[in-house]
Amino acid sequence: MIRLRDVGFRYDAAGTSAPVALRQISFEVPQGGFRWLLGPSGAGKSSLLRLLALTARPTSGTLEILGSSVAQARRAALARLRRRIGVVHQDFRLLPDLPVFDNIALPLRLQHRPEDDVRDEVHSILDWVGLGSRATARPPQLSGGEQQRVAIARAVIHRPALLLADEPTNALDEYQANRLMDLFRDLSGLGTTILVATHNDALIRRYPAHELELAQGRLLRDG
Ligand code: ADP
Ligand code: ADP
């Protein structure tokens with residue numbers, strides 16, 4: 001589960017010039033909970049996802065992720081925690097020089113999984129995302145939608161305890177977006193906590209769920 005208490009965040013913690021990206025954010029998500037993360041551009045959604053992905057630290061307040069208090073965690077503990085988190089970045093962040101197969105295999109290899117398992121798991125998820133024939137392609141050879149599906153496959157292949165997705169459907173068609181929601185539902189049923197930042201109103205209407213709504217760095221709604 002994740003728990004935030006009065007979390008504040010500004011990008012330039014030392015100076016006073018940087019805008020405050022998040023103010024006094026408090027909420028909890030139980031293990032296996034699903035949340036839409038909503039709000040206009042600049043509201044703080046990406047900043048919040050950065051804190052949850054442990055790539056930035058709160059400027060104030062307390063953040064607990066999967067039972068660990070982030071401020072107190074040591075470097076090694078944070079690294080272990082990070083491996084239990086899957087992230088779908090808005091800009092995909094695939095490694096351009098590595099084949100699709102190896103991009104998706106990364107989280108499993110970080111866990112030192114046997115190469116036979118890696119092969120089976122990667123091929124099965126490649127089939128699931130409809131990219132079974134693209135295993136040896138490099139990301140720059142793929143369309144935006146294909147790259148986004150690779151990013152999704154990489155984020156979920158190791159069955160993370162926490163899955164964070166920033167606009168994960170913006171390059172997908174309606175059919176693929178619906179399949180992604182089916183995947184999210186399955187994963188949350190298996191205990192993965194999921195936060196999805198999106199502007200896709202049609203998708204939110206098709207899949208109503210608990211919403212966290214941000215505006216100007218504040219949490220307006222939790223319900
Ligand atoms: P959203 O994802 O909802 O569009 P962001 O979290 O990106 O919102 O932005 C929240 C605030 O933080 C905005 O005022 C934005 O300008 C600022 N911000 C975002 N990224 C940075 C950054 N790397 N450095 C400084 N300020 C940033
Ligand atoms: P809470 O987080 O408050 O325990 P749930 O996570 O059980 O609530 O879900 C609240 C609503 O969101 C339910 O209507 C459920 O059908 C829907 N929902 C739950 N998980 C998903 C998911 N992965 N994708 C889409 N909708 C979901």
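On a predicted model such as this, the values are computed, not experimentally measured, just so you know.

**Quick look at the site of ligand 2**
What surrounds ligand 2 is the set G33, F34, R35, M181, F184, R185, S188, P208, A209 and H210. Contacts to ligand 2 include F34, whose backbone N or O atom sits 3.3 Å from an oxygen atom. One of the side-chain nitrogen or oxygen atoms of R35 is found 2.4 Å away from an oxygen atom of ligand 2. For ligand 2, whose unbound accessible area comes to 550 Å², protein coverage reaches 62%.

**Some words on the layout of surface pockets**
Taken as a whole, the largest pocket encloses approximately 500 Å³ of empty space. Taken together, 18 residues make up the lining of the largest pocket; nearest its centre are R82, I85, V87, P107 and L110. Of all the secondary structure elements, the ones that give two or more residues to the lining of the largest pocket are α2 (75-82), β6 (85-88), α3 (100-110) and α5 (144-156). Of the residues assigned to the lining of the largest pocket, the class counts are 9 nonpolar, 5 polar and 4 charged. Each of two domains, domain 1 (1-84 + 161-223) and domain 2 (96-159), supplies a minimum of three residues to the lining of the largest pocket. Here the second largest pocket is characterised by a volume of approximately 250 Å³. E121, S124, I125, W128, V156, I157, R159, L183, D186, L187 and L190 together form the lining of the second largest pocket. When contributions to the lining of the second largest pocket are tallied by element, the ones reaching two or more residues are α4 (115-128) and α6 (174-189). Looking at the lining of the second largest pocket residue by residue, the class counts come to 7 nonpolar, 1 polar and 3 charged. When residues are assigned to domains, the lining of the second largest pocket turns out to be shared by domain 1 (1-84 + 161-223) and domain 2 (96-159), each giving three or more.

Reading the values: the criteria
- Residues numbered from 1 in each chain as written.
- Chains lettered and ligands numbered in written order.
- Predicted model: local features only at pLDDT ≥ 70, side-chain atom pairs only at ≥ 80, totals over all residues.
- Heavy atoms only, no water.
- Near = heavy atom within 4 Å.
- Polar contact = N/O pair within 3.5 Å; in protein donor to acceptor, adjacent residues only side chain to side chain.
- Areas by Shrake-Rupley, 256 points an atom, 1.4 Å probe, with all protein chains shown as cover.
- 1 Å grid on protein atoms, 1.4 Å probe; cavity = no way out; pocket = protein on both sides within 12 Å on 5 of 7 lines; lining within 4 Å.
- Points joined across faces, edges and corners; volume = space filled by probe spheres on them.
- Helix = DSSP H or I, 4+ residues; strand = E, 2+ residues; numbered from the N terminus.
- Nonpolar A, V, L, I, M, F, W, Y, C, P; charged D, E, K, R; others polar.
- Domains from an automatic or database assignment.

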